[in-house]
Every structure is written in structure tokens, then in C-alpha cells.
Amino acid sequence: MNHFVESMAQVVTGVTVVTVKDERDDVGVTVATFTSISLDPPLVMVSLDNEGYPNELLLRNDRWAASVLSAGQKTIASRFSTAGRPGARLLLAGTPHHRGRLSDALVVDGGVTALEAETVKVVPAGDHTLFIAKVLGVDYVDASATPLSRYRGRYR
């Protein structure tokens, strides 16, 4: 298994924060597996660890937001990837953000792009769950921003 982990560490991935609003709080998680899978209709996919609370929430709440981070947002990525982290509102205190109009989830400002989505299919995949979602709307695009990436276990 170590060879597999090492092999996958060689793949450069974008860094995205996925957020969902629960009845009690806002929850978010940093993910490296977020991608477009269809243009017509516009569909995206995110992969979440089966054991995480964000996975549990996305199984209960269909609407969520994805904020693709820019290179200057390493701190945000780290905050949302720390075990035992508090709610998303606390993690974004002092960081520009807003609530998505279509998902009611928190959207991080200053990234490369952000969108709101609604899960249309859930696919079990080993120790992860794949959430396939239709794009409800693109919140913003900043084509001039450099994306934050993850390579060999580090943000770059």
C-alpha cells in the first residue's frame, strides 16, 4: 500500500474546500479530489472519506458549495484539513467569505473559482464516497488567480 500512496503523491491536484450547511452549524473539509465530469449537463464530483463528518452531512444534505483555493490560501486549506476542527464559521473568521445564494453553504472568497452544487448520485468507492452533483451556479471565477495545488503531500 505504501507504493500506492507514494505513487499518488506524484500526481498534482487542485485544492478545494467543500462546505455544507447543517441545521446546527456549517461544516467544511479540504479535498484534493474535485473535478468536472460532464459539460452537458454540468456535473462535478467530489470524493470524501467515509469516516468523516462532512461525508455524513453530504449524505443528508444535497446542496453544498466548493471553493477552489488560490495559491495564497494555504492557511485556509490547512484549517479545513485538521482533525477535530471546529465549525466552518470559526475557521473562516477574519477571512473573506459569504453564504451561497443557492446552497446556503459558506463560500470562500479570493479563490480561483467557487460553485454551488446539488448531489444527484452517491457512489460507494472503497473507503471513500463519490458525490456526483449538478452545478446549480458558478459563484465567481478569477482567471488571474494562481490555483493552490497539492504535490508530494505539500501545498504549493
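Summarised in this report is the structure supplied together with it. (Residues numbered from 1 in each chain as written. Predicted model: local features only at pLDDT ≥ 70, side-chain atom pairs only at ≥ 80, totals over all residues. Heavy atoms only, no water.)

Next up on the list: the sheet that holds strand β1 (residues 13-14). Pairing is antiparallel across the open sheet formed by three strands, whose spatial order is β1-β11-β12. The sheet is open, and its two edges are formed by β1 and β12 (154-155), each paired on a single side. Strand direction decides the pairing type here: β1 and strand β11 (residues 149-151), joined by two bridges, are antiparallel. Bridging across to β11, G14 finds its partner in S149. (Pairing = 2+ DSSP bridges. Helix = DSSP H or I, 4+ residues; strand = E, 2+ residues; numbered from the N terminus.)

Turning our eyes to something else, we now look at the nonpolar core. Core analysis: the biggest nonpolar cluster contains 21 residues, and F34, V44, V46 and W64 have the highest contact counts within it. Only β2 (16-21), β3 (26-31), β5 (42-49), α2 (53-60), β6 (63-68), β9 (113-125) and β10 (128-141) provide two or more residues apiece to this core. Formed by 13 residues, the second largest nonpolar core is a distinct cluster that contains V17, A88, L91 and Y155. (Core = buried A, V, L, I, M, F, W, Y, C linked by side-chain atoms within 4.5 Å. Buried < 20%, exposed > 50% of the residue type's maximum accessible area, 1.4 Å probe, protein only.)

What follows covers the side chain of Q73. Turning to its location among the elements, Q73 is positioned in the loop between β6 and α3 (74-79). The buried category is assigned to Q73, whose relative accessible area is 8%. Among the polar contacts listed, one links the side chain of Q73 to the backbone nitrogen of S70, at a separation of 2.8 Å. If we skip the residues at most four places from it in the chain, Q73 touches V108, D109, G110, G111 and L148. (Polar contact = N/O pair within 3.5 Å; in protein donor to acceptor, adjacent residues only side chain to side chain. Contact = heavy atoms within 4.5 Å.)

With respect to topology, seven strands assemble into an open sheet ordered β3-β2-β6-β9-β10-β5-β4, the strand pairing being antiparallel. Among the strands making up the open sheet, the edge pair consists of β3 and β4 (34-39). Adjacent strand axes in the sheet meet at a mean angle of 35°, parallel and antiparallel pairs treated alike. The pairing of β2 with β3 spans six bridges and is antiparallel. In the strand pairing of β3, V18 is matched with V29. (Axes fitted to C-alpha atoms, helices over the stretch in contact; angles between N-to-C directions.)

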